[in-house]
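Chain by chain, the residues run as shown.
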Amino acid sequence: MNQDKKPVVSDVGAWAMNVVSSVGIIMVNKELMSPGGYSFSFATTLTGFHFAVTALVGWISSATGYSVSKNVPLWELLWFSVVANASITSMNLSLMLNSVGFYQISKLSMIPVVCLMEWILNSKHYSSKVIASVVVVAFGVGICTVTDVEINAKGFLCACVAVFCTSLQQITIGSFQKKYNIGSFELLSKTAPIQAASLVVLGPFLDFYLNGQSIMSYRYSLGAAIFLLLSCSLAVVCNMSQYLCIGRFSATSFQVLGHMKTVCVLILGWILFDSALTFKNIMGMLLAVLGMVVYSWAVEADKKGVKLPAFRSSDALDGEDVKLLKQKIINGLADSDLEKPQMKS
């Protein structure tokens, strides 16, 4: 009897969920945090709110029996939370200390860093087709997003920490799910409370360092409260779909296909916020999309290439076997001669 269960969300559905929720939360946060919107410029504390709501949803799911809690050592959860929080904090610092151009370059560098770390930690190898498609994606997104590039010592250090911690976080998500046979939502439910507690406590101090404003002096309005609630709701879906995608695929695939979000953000920014969309942006988007299509094809080709030799070597009859079998039939041998087994002494 086949005991395998079909996943509730398909692979395409998981990617679509991640892209839609990620692009949606960027649009919502732009309105929430921009000076022309509600000026809620407390990014780290907002991330703490996101994880707090995610932890609440996870607790409700576990209490109602929708999800089953599995044992993961506390020290590993703490270690992962430190890495994840370092990723968030260093990303915010990198954006503050670096130019937009260098910040985008640092994000693009996550693809080769993830590949290198997967090769070192998991002994994973990549074909030339996959490597070439990754280069095309990175080049296309670079054309879309990279403008001015200015480097300083503090900003460069923060960017290095951000790239390393983010890459390690994404690889660890997949490793934990395989190591402890735990679902994406169950793992997220275990890590979210730790991240929420630490970010809600430390976030206001870090945000005060970043922008010189205290969250205690922020004047809330009904519109700001609605957008804050919407941002937290989308964050639950975004976090869950991120764990879901990395658990099913790999950190490298998540990085490559995740750049579709960058293309969507540029297009929606042009439609909703009157952002400039130049010929260079359009050509970069087309090149990035082409690279993503080629990457998907290359990964599938590699999977078939691995399976094909095993079939040929063990299951197929070679030409000589077929020739001998036909010769026996032509010579009119009895069925017993063909079917009688040979006994081993």
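Residues numbered from 1 in each chain as written. Predicted model: local features only at pLDDT ≥ 70, side-chain atom pairs only at ≥ 80, totals over all residues. Heavy atoms only, no water.

Caption draft 1: How the structure looks around the UniProt feature "transmembrane region" (unreviewed entry) in the protein. In this structure's numbering, the residues bearing the UniProt feature "transmembrane region" (unreviewed entry) are residues 12-28, 40-60, 72-93, 100-120, 126-146, 222-244, 256-273 and 282-299. Taken end to end, residues 72-93 is 91% helix and 0% strand, and its first and last C-alpha atoms sit 31 Å apart. Strand forms 0% of residues 222-244 and helix 100%; the C-alpha atoms that close the span are 33 Å apart. (UniProt positions renumbered as here; feature names shortened; annotations may be inferred. Helix = DSSP H or I, 4+ residues; strand = E, 2+ residues; numbered from the N terminus.)

Caption draft 2: Local environment of the packing of helix 5 (residues 110-122) against helix 7 (residues 153-179). Between helix 5 and helix 7, the shortest axis-to-axis distance is 9 Å and the interhelical angle comes to 50°. Taken together, the axes of helix 5 and helix 7 are oblique relative to one another. Handedness of the crossing formed by helix 5 with helix 7: right-handed. In this structure, helix 5 contributes Met110, Val113, Val114, Met117, Glu118, Leu121 and Asn122 to the contact, and helix 7 contributes Ala162, Val163, Phe164, Thr166, Ser167, Leu168, Ile171 and Ser175. Each residue belonging to the contact of helix 5 with helix 7 can be placed in one class, and the counts come to 10 nonpolar, 4 polar and 1 charged. (Axes fitted to C-alpha atoms, helices over the stretch in contact; angles between N-to-C directions. Parallel < 35°, antiparallel > 145°, perpendicular 65-115°, else oblique. Left-handed = near helix turned anticlockwise from the far one by under 90°. Contact = heavy atoms within 4.5 Å. Nonpolar A, V, L, I, M, F, W, Y, C, P; charged D, E, K, R; others polar.)

Caption draft 3: The nonpolar core, seen in detail. Listed in full, the 12 residues of the largest apolar core are Val72, Leu77, Phe80, Ala84, Ile173, Phe176, Tyr180, Ile182, Leu187, Leu188, Tyr243 and Ile246. Secondary-structure elements contributing two or more residues to this core are helix 3 (74-97), helix 7, helix 8 (184-211) and helix 9 (222-248). If one sorts the elements of this core by residue count, helix 3 sits on top with 3 residues. Apart from the residues lying within four places of it in its own chain, the contact partners of Tyr180 are Lys70, Asn71, Val72, Pro73 and Glu76. Core analysis: the second largest hydrophobic core is formed by 8 residues, Phe40, Phe42, Ala224 and Leu228 among them. (Core = buried A, V, L, I, M, F, W, Y, C linked by side-chain atoms within 4.5 Å. Buried < 20%, exposed > 50% of the residue type's maximum accessible area, 1.4 Å probe, protein only.)

Caption draft 4: Spotlight on the side chain of His50. Its location among the elements puts His50 in helix 2 (residues 43-63). Beyond its immediate chain neighbours, meaning those up to four positions away, His50 contacts Ile25, Asn29, Ser231, Cys232 and Ala235.

Caption draft 5: Focus on the environment of Thr54. Along the chain, Thr54 falls in helix 2. For the pair Thr54 and Val237, spaced 183 residues apart in sequence, the C-alpha separation works out to 8.7 Å. Those residues in contact with Thr54 that lie beyond four places of it in its chain are Leu188, Ala192, Ala235, Val236 and Asn239. Of note is the side chain of Thr54, whose polar atom sits 2.8 Å from the backbone oxygen of His50. (Polar contact = N/O pair within 3.5 Å; in protein donor to acceptor, adjacent residues only side chain to side chain.)

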